Structures are given as C-alpha cells and as structure tokens.
Amino acid sequence: MLVWILIAACWAGLLSLILHDVTKDAAGHSAVSVASRNALFTAAKVWRRLRKLTRYTASLKASPKPSTEPSPSKAPAQIALETVPSQEAELSKKTWWRRDQRAQITSAELELTITETIRKTAPGCGSFVGVIVHHKKPKQYRDPNWGVRGVKFGKADRRIVEETLSRTVKQLQKEFRLADTQLRN
C-alpha cells in the first residue's frame, strides 16, 4: 500500500511540473503556482478564523457575568462611556461571522455621546458645547468611517477639551461605526 502511495505521489509531482511548464505565461505565473498560492491563502484564513473562534470561546468561559454597576477601579472615561443610555439601547446585534464588531450609530447620537462624555470626564468643562461629526471614507476595512470635523468649545478650556476629546474619539472609533451612509461627503 505504501509503495502505491509513493508511486502516485511521484506521478502527481511529475504532472504538476509538466503543467507548470506548459501554462507559464510571460509574467512567470503558472496555473500550479496560482493554485498553490490560493490554497495557502485559504488555509491561512481558515487558521486565523479557528484561532479567533477558540479565543472567543475561551473568553466566554473565563469571563464572569458582567455586573450592572461600574467598578470603582475603572478609568473615568470608561465609566462615562458606559453611563450614556443611547449606547445600550441602540447596539446592533453582533454575530460571530461578521468581521466588524462595532455597533452602528447615527451621527446625532454620536455627537451627543462625545459631548456628554467630555462634560462628565474633563474637569471644568461643563460649559463645553459639542462637536460636529462627519463621514469619511476608511482607507482599510477596519478603519473608522467617521471623524470630528469641528469642535464647539464654548467657555471650556481648549487644552483640556482637546486632550479629553482625542482619548474619547479613539475609544469611540473602536466601538462605533456611523450608520447613515447616504450623507457621506
């Protein structure tokens, strides 16, 4: 039986070499090299998905049931982000086969979320007015599709607002995607 397997492997190798030489084009690509590259990419994609799935199931087994009260050890920005009610009400259903796990949110809700977070976390920024959010085309799939176009400081300290705003926007860009795509600029 082993001998027949070795003979079949030799014939398959010989046929693939002949096919490689016959189908080689001017760019140096052949049907065999293209097929082997596609097989490697597919195997790598399956391997990544399996690793991600095992990490996800392990995190589900290891993580305790989330409590409704924020713990005192969390950072103030995280507490403020959790206390905004529109985030919890408008979260879209997350499914394991989607690549992008960010929730969809409208621009008005996003502007309100950013404004409330800055007012609560930044000291002395209670008079902060708000921000203007705009759509932008992401360079890659996982990049955010929105950004801050303008800031309405009011009587708040600009330096403190800018520092808090940059942290808040980075965090929210990881969590949310802008939903209303018909308004893209």
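These numbers come from a predicted model, not from an experiment. (Residues numbered from 1 in each chain as written. Predicted model: local features only at pLDDT ≥ 70, side-chain atom pairs only at ≥ 80, totals over all residues. Heavy atoms only, no water.)

Asks: I'm lost on the overall build of the protein chain in this one. Help?
Replies: Within the protein chain, the secondary structure is distributed over six helices and four strands. For the protein chain, the α and β elements follow one another from N to C terminus as α-α-α-α-β-α-β-β-α-β. Looking at the protein chain as a whole, 24% of its 185 residues are labelled buried. Only carbon and sulfur atoms are counted for the fraction: they give 61% of the accessible area of the protein chain, which is about 13700 Å². (Helix = DSSP H or I, 4+ residues; strand = E, 2+ residues; numbered from the N terminus. Buried < 20%, exposed > 50% of the residue type's maximum accessible area, 1.4 Å probe, protein only. Areas by Shrake-Rupley, 256 points an atom, 1.4 Å probe, with all protein chains shown as cover.)

Asks: Help me understand the pairing of strand β2 (residues 130–135), please; the structure alone is not making it clear to me.
Replies: In terms of burial, β2 is largely enclosed, as five of its six residues are buried. Bridging between β2 and strand β3 (residues 146–152) involves six bridges; their strand directions are antiparallel. Its bridge partner being in β3, G130 is matched across the sheet by K152. (Pairing = 2+ DSSP bridges.)

Asks: Hey, could you run me through helix α5 (residues 107–121) in this one?
Replies: Each α-helix winds once per 3.6 residues, and so residues spaced three or four apart point in a common direction. The end-to-end C-alpha separation of α5 is 21 Å, in line with the 21 Å expected for 15 residues at 1.5 Å each. Restricting attention to buried positions, one finds in α5 the residues S107, L110, T113, I114, T115, T117 and I118. (Expected span 1.5 Å × (residues − 1).)

Asks: Got a minute to help me understand the pattern of salt bridges in this structure?
Replies: Any two side chains of opposite charge can pair, so long as their charged atoms come close to each other. Scanning the model with the defined rule gives two salt bridges in all. Of the charged contacts, one joins E116 and R119 as a salt bridge, the two residues approaching to 3.3 Å between their closest N and O atoms. Linking E116 with R119, this pair stays in helix α5, spanning three residues, or about one helical turn. According to the relative accessible area criterion, E116 is partly exposed, its value standing at 24%. (Salt bridge = Lys/Arg side-chain N within 4 Å of Asp/Glu carboxyl O.)

Asks: Is there a simple way to think about a nonpolar patch on the surface in this case?
Replies: On the surface, a cluster of nonpolar side chains totalling about 880 Å² of accessible area is made up of V3, W4, I7, W11, L14, L15, I18 and V22. On the secondary structure map, I7 appears in helix α1 (residues 2–22). Judged by its relative accessible area of 35%, I7 is partly exposed. (Patch = residues over 30% accessible without salt bridge, like charges linked within 9 Å, V, L, I, M, F, W, Y side chains within 5 Å.)

Asks: Please clarify how the confidence of the model for the protein chain should be interpreted in this entry.
Replies: Parts of the model with low pLDDT should not have their predicted coordinates read in detail. In the predicted model, the protein chain carries a mean pLDDT of 77, and 74% of its residues have values of at least 70. Confidence, expressed as mean pLDDT per element, reaches its minimum in the protein chain at helix α4 (residues 85–89) with 45 and its maximum at β2 with 93. Every residue in residues 72–77 scores below 50 in pLDDT, and together they form four contacts with partners more than four places removed in sequence or on other chains. Note that residues 83–92 has pLDDT below 50 and, in this model, 17 contacts with residues that lie over four places away or in other chains. (pLDDT = per-residue confidence, 0-100. Contact = heavy atoms within 4.5 Å.)

Asks: Explain the nonpolar core to me, please; I cannot follow it from the model alone.
Replies: Most often, soluble globular proteins keep nonpolar side chains buried together rather than apart. L110, I114, F128, V133 and W146 are the most contacted members of the largest nonpolar core, which totals 19 residues. Those elements that place two or more of their residues in this core are β1 (103–105), α5, β2, α6 (158–175) and β4 (176–178). When residues in this core are grouped by element, the largest group, four residues, is from α6. When sequence neighbours within four positions are dropped, the list of residues in contact with L110 reads I105, V133, W146, L172, F176 and L178. (Core = buried A, V, L, I, M, F, W, Y, C linked by side-chain atoms within 4.5 Å.)

Asks: I'm lost on a positive patch on the surface in this one. Help?
Replies: Together, K45, R48, R49, R51, K52, R55 and R142 give the surface a local cluster of positive charge. Among the secondary structure elements, R49 is positioned in helix α2 (residues 31–62). In this structure R49 comes out as exposed when scored by relative accessible area, which is 54%. (Lys, Arg positive; Asp, Glu negative; His and termini not counted. Charge placed at Lys NZ, Arg CZ, Asp CG, Glu CD.)

Asks: Help me understand the environment of L19, please; the structure alone is not making it clear to me.
Replies: Summarising the element assignment, L19 is placed in helix α1. For L19, a relative accessible area of 43% translates into the label partly exposed. Along the sequence, L19 and S30 sit 11 residues apart, while their C-alpha atoms lie 8.1 Å from each other.

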